[in-house]
Amino acid sequence: PRPVPDVHGVPQLLSRRELQILQFAADGLANTDIARKLGISPLTVKSHLGRIARRLGSGERAQMVLLALRAGVIG
């Protein structure tokens, strides 16, 4: 797990899988494409993104990606 500050600056731990999903989202992939690459269902991708959103305090995909980029945990 790697820490990513949420919208209030409080570090939140994200799992390796959650970081993989954020990286693919940063690369512009849709949930179905992310699911195909990881061998999981699109619903599982959506579920991961929902958990990340709750942890980071933002339901906006772009903002979640930005927070992870700023933390240096994805590139």
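Residues numbered from 1 in each chain as written. Predicted model: local features only at pLDDT ≥ 70, side-chain atom pairs only at ≥ 80, totals over all residues. Heavy atoms only, no water.

Q: So what exactly am I meant to see when it comes to the side chain of His 48 here?
A: Of note, His 48 is situated in helix α3 (residues 42–56). Accessibility expressed as a relative area gives 13% for His 48, which makes it buried. For His 48, the side chain forms a polar contact with the side chain of Arg 51, separated by 3.1 Å. With residues near it in sequence (within four places) discarded, His 48 still touches Arg 17, Glu 18 and Ile 21. (Helix = DSSP H or I, 4+ residues; strand = E, 2+ residues; numbered from the N terminus. Buried < 20%, exposed > 50% of the residue type's maximum accessible area, 1.4 Å probe, protein only. Polar contact = N/O pair within 3.5 Å; in protein donor to acceptor, adjacent residues only side chain to side chain. Contact = heavy atoms within 4.5 Å.)

Q: Before we go on, may I ask you to explain the environment of Arg 16 in this structure?
A: With respect to the helices and strands, the residue Arg 16 is situated in helix α1 (residues 16–26). We classify Arg 16 as exposed; its relative accessible area is 62%. Sequence separation between Arg 16 and Arg 61 is 45 residues; the distance between their C-alpha atoms is 18 Å.

Q: Even after reading the chapter, I still don't get helix α2 (residues 31–38), so can you show me in this structure?
A: Two residues of an α-helix separated by three or four positions point the same way, owing to the 3.6 residues in each turn. What α2 keeps buried is the set Ile 34, Ala 35 and Leu 38. The arc that holds every buried residue of α2, seen down its axis, measures 100 degrees, which confines them to one face. Exposed residues pointing more than 90 degrees away from the buried face of α2 are listed as Arg 36 and Lys 37. Buried residues along α2 sit in contact with α1, α3 and α4 (61–71). With its phi angle positive at about 70 degrees, Gly 39 sits one or two positions after the end of α2. (Arc of directions from axis to C-beta.)

Q: Please explain the nonpolar core as it appears in this structure.
A: The nonpolar side chains of a soluble globular protein tend to be buried with one another. Residues Leu 22 and Ile 34 are the most contacted members of the largest nonpolar core, which totals 22 residues. In contact with Ile 34, not counting residues within four places along its chain, are Ile 21, Phe 24, Ala 25, Leu 29, Val 45 and Arg 61. (Core = buried A, V, L, I, M, F, W, Y, C linked by side-chain atoms within 4.5 Å.)

Q: Explain the pattern of salt bridges to me, please; I cannot follow it from the model alone.
A: A side chain with one charge can pair with a side chain of the opposite charge if their charged atoms come near. Enumeration over the complete set of coordinates arrives at two salt bridges. The partner of Arg 55 in a salt bridge is Glu 18, and the shortest N-O contact between them spans 2.8 Å. Highlighted residues: Arg 55 in helix α3 and Glu 18 in helix α1, separated in sequence by 37 residues. In this structure Arg 55 comes out as partly exposed when scored by relative accessible area, which is 28%. (Salt bridge = Lys/Arg side-chain N within 4 Å of Asp/Glu carboxyl O.)

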